[in-house]
Every structure is written in C-alpha cells, then in structure tokens.
Amino acid sequence: MKIVLLGAPGAGKGTQAQSISNYYKIPHISTGDIFRRNIAEGTRLGKTAKRYMDSGQLVPDQLTLELIEDRLGQADCKDGYLLDGYPRTVVQGEFLEELLDEHGSHLDCALLIQVPRSVILERMTGRRVCPSCGASYHLKHNPPMKKDLCDICGCKIMQREDDKAETVEERLDVYDEQTSPLIRFYAERHILKAVDGTRAINQIFKDIVDVLSEVKKNDHPQE
Ligand code: AP5
Ligand code: MG
C-alpha cells in the first residue's frame with residue numbers, strides 16, 4: 001500500500017506512522033526526520049534545511065523533490081510506503097503524482113488526522129523525540145517507559161528546536177496556507193480518508209486500521 005499521512009504539525013502523524021509501518025510492514029518515510037538526520041550529520045542539505053525549519057518555514061520544494069525521488073526509488077519501497085510530512089505543498093503533491101504515474105502506479109490513500117489548533121499547542125510543547133531513531137513521546141500523554149530514555153533504542157530523548165510556542169504558531173500558519181490545500185487535492189482524486197485525531201493514541205490507530213482495511217478490500221475485492 002502507498003499511503004500519504006496528512007495533518008497539521010502535532011496532529012500525531014509520526015506517532016501513528018510508527019504503528020502503521022509495523023502493522024503493514026511498509027517503510028515509514030518522514031521528510032522531517034530525514035532533514036533532522038542531515039542536520040545532526042552536518043551535511044549541506046542539513047545546513048540549508050535548518051535555516052527554514054528553525055523559523056517554522058517549509059524547506060524549498062526543489063530540495064524535497066530530489067530527496068523524495070531518491071528515497072522512493074530504493075528497494076524497500078517496492079511494495080509500498082507510508083509518507084509522513086510529504087507532500088506539504090500542492091507542487092509536491094503534483095510531483096509525487098507524476099512520479100508514480102511514470103511508474104504506472106498510484107497512491108492508495110491520503111489519510112488525514114484531524115486535530116483542532118487549540119489542542120495542538122499543548123501536544124507540541126510536551127513532545128520529546130529521540131534524536132537517534134525519531135520516535136516521538138509526550139511527557140504526559142505518551143511518556144517513555146524509562147524516564148527520558150527512548151523505548152526503542154535507549155537514547156536520551158530531547159525537545160525539538162522547532163517546538164517552542166512561537167515557532168509552533170508559525171508552523172500552524174504555514175500549514176493552513178500551504179499544506180491544507182492538499183486536503184482538497186486528494187478529495188478531488190477520491191482517495192481522501194479522515195480520522196478523528198483527538199482521541200486516545202491506540203483508539204486512533206484502530207480507526208486507521210479500519211479505514212485502511214476498507215481501502216485494501218476495495219482495491220482487491222476478491223481477496
Ligand atoms: P515534520 O517533522 O514533518 O513536522 P510536522 O509536520 O510539523 O509535524 P510534527 O512532527 O511536529 O507532528 P506530528 O504530526 O508528527 O505529531 P507527533 O506524532 O510527533 O517537519 C518539520 C519541519 O521540516 C517542517 O516545519 C519543515 O520546515 C520541514 N519539512 C518537512 N517535510 C517537508 C516537506 N515535505 N516540504 C518542506 N519542508 C518540509 O505528535 C505530537 C505530540 O503529541 C507528541 O508528543 C505525541 O506523543 C503527542 N500525541 C500524539 N497523538 C496523541 C494523542 N492522540 N493524544 C495525546 N497526545 C498525542
Ligand atoms: Mg512528525
């Protein structure tokens with residue numbers, strides 16, 4: 001299955017992506033995680049991306065297009081993938097559509113996690129992430145089993161640079177202006193599905209599995 005996750009910053013894309021990726025055994029591709037890895041490694045891409053990310057702006061389309069084309073061309077993407085944080089503009093959505101088209105393929109689902117802006121700020125300021133594997137936690141709603149240590153790889157979890165309140169506001173404005181038009185873009189292609197992202201993490205995951213099972217059934221009616 002080829003799935004795109006849509007939703008505002010802090011909607012829970014990364015949190016759900018981990019479970020979806022394990023459940024369907026497809027790679028979880030987060031452009032935000034790829035940029036953060038490049039920043040940690042001090043690459044040229046990382047240095048450029050950091051300037052935009054720290055101020056809550058999007059990294060220019062051209063940089064993301066090359067990156068995603070390269071990533072989706074890798075062997076583990078052959079049978080599907082879960083895109084988290086890409087596309088983020090209609091230009092990126094069109095690029096992905098053309099790329100898939102060239103390979104005689106298509107997206108199966110654009111899954112929107114809906115969370116009102118009022119809930120997001122609390123989520124973002126309480127978030128802690130693992131700088132090594134990218135796993136996402138919340139001090140109150142989703143703490144790691146051992147204080148300050150990642151459940152998956154044991155590294156010390158940290159607050160993201162762009163999770164300060166003023167940057168979060170900017171990211172939400174950028175989402176409204178540049179990313180939310182993708183909701184209509186995918187609705188027009190009849191692959192948009194939405195889940196209520198204000199519920200408990202495991203309840204949302206259950207809703208997502210229900211939605212994706214339905215998508216799969218309609219794609220392969222005789223299975
Ligand atoms: P990116 O890393 O993609 O960030 P984002 O979209 O802003 O989303 P977040 O990762 O902040 O939120 P999320 O939805 O994953 O929520 P999470 O699961 O962590 O991008 C960062 C930056 O990189 C961008 O601003 C941009 O500059 C750049 N970039 C990336 N991709 C790009 C692209 N394609 N084009 C251009 N620029 C790009 O959850 C949030 C918190 O809430 C966590 O603490 C979690 O534990 C908690 N939580 C989750 N679900 C629940 C729940 N149900 N109840 C209670 N708490 C919950
Ligand atoms: Mg994320």
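From a predicted model like this one, the values you see are computed outputs, not experimental measurements. (Residues numbered from 1 in each chain as written. Chains lettered and ligands numbered in written order. Predicted model: local features only at pLDDT ≥ 70, side-chain atom pairs only at ≥ 80, totals over all residues. Heavy atoms only, no water.)

Peer 1: Just checking my understanding: could you explain the nonpolar core for this structure?
Peer 2: Within soluble globular proteins, side chains that are nonpolar tend to cluster in buried spots. In this structure, Ile20, Leu72, Leu83, Leu96, Leu111 and Tyr186 are the most contacted members of the largest nonpolar core, which totals 54 residues. Sort the elements by how many residues they give to this core and helix α9 (residues 201-219) lands first, with 7 residues. Aside from chain neighbours lying at most four places away, what touches tyrosine 186 is Val4, Leu6, Pro87, Gly93, Leu96, Leu107, Ala110, Ile191 and Leu192. Counting 5 residues, the second-largest nonpolar core is a separate cluster that includes Cys130, Ala135, Tyr137 and Cys150. (Core = buried A, V, L, I, M, F, W, Y, C linked by side-chain atoms within 4.5 Å. Buried < 20%, exposed > 50% of the residue type's maximum accessible area, 1.4 Å probe, protein only. Helix = DSSP H or I, 4+ residues; strand = E, 2+ residues; numbered from the N terminus. Contact = heavy atoms within 4.5 Å.)

Peer 1: How do you make sense of the pairing of strand β3 (residues 81-84) when you look at a structure like this?
Peer 2: The two faces of a sheet get side chains in turn, since along a regular strand they alternate between them. Of the two faces of β3, the one lined by Tyr81 and Leu83 and the one lined by Leu82 and Asp84 are each fully buried. Where strand β1 (residues 2-6) lies against β3, 4 bridges are found, and the strand directions are parallel. The partner of leucine 5 across the bridge, within β3, is aspartate 84. Pairing of strand β2 (residues 28-30) with β3, which is carried by 3 bridges, proceeds in the parallel orientation. Bridge pairing in β3 links isoleucine 29 to leucine 83. (Pairing = 2+ DSSP bridges.)

Peer 1: For this particular structure, what's the right way to read the site of ligand 1?
Peer 2: What surrounds ligand 1 is a group of 36 residues, the closest being Thr15, Gln57, Arg88, Arg127 and Arg171. Measuring from an oxygen atom of ligand 1, one finds a backbone N or O atom of alanine 11 at 3.3 Å. Side-chain polar atom of arginine 88 to an oxygen atom of ligand 1: 2.4 Å apart, as the coordinates give it. For ligand 1, whose unbound accessible area comes to 1000 Å², protein coverage reaches 96%. When contributions to the shell around ligand 1 are tallied by element, the ones reaching two or more residues are α1 (13-24), α2 (31-41), α6 (117-125), β6 (136-138) and α9. In terms of residue count, the dominant contributor to the shell around ligand 1 is α2 (4 residues). (Near = heavy atom within 4 Å. Polar contact = N/O pair within 3.5 Å; in protein donor to acceptor, adjacent residues only side chain to side chain. Areas by Shrake-Rupley, 256 points an atom, 1.4 Å probe, with all protein chains shown as cover.)

Peer 1: Would you mind going over helix α3 (residues 44-54) with me for this structure?
Peer 2: An α-helical turn contains 3.6 residues, so any two residues separated by three or four positions project in the same direction. Listing the buried residues of α3 in full gives Gly46, Ala49 and Met53. All buried residues of α3 project into a common sector of 70° when viewed along the axis, lining one side. Seen from the buried face of α3, the exposed residues on the opposite side, beyond 90 degrees, are Arg44, Lys47 and Arg51. One or two residues past the end of α3 sits glycine 56, with phi positive at roughly 85°. (Arc of directions from axis to C-beta.)

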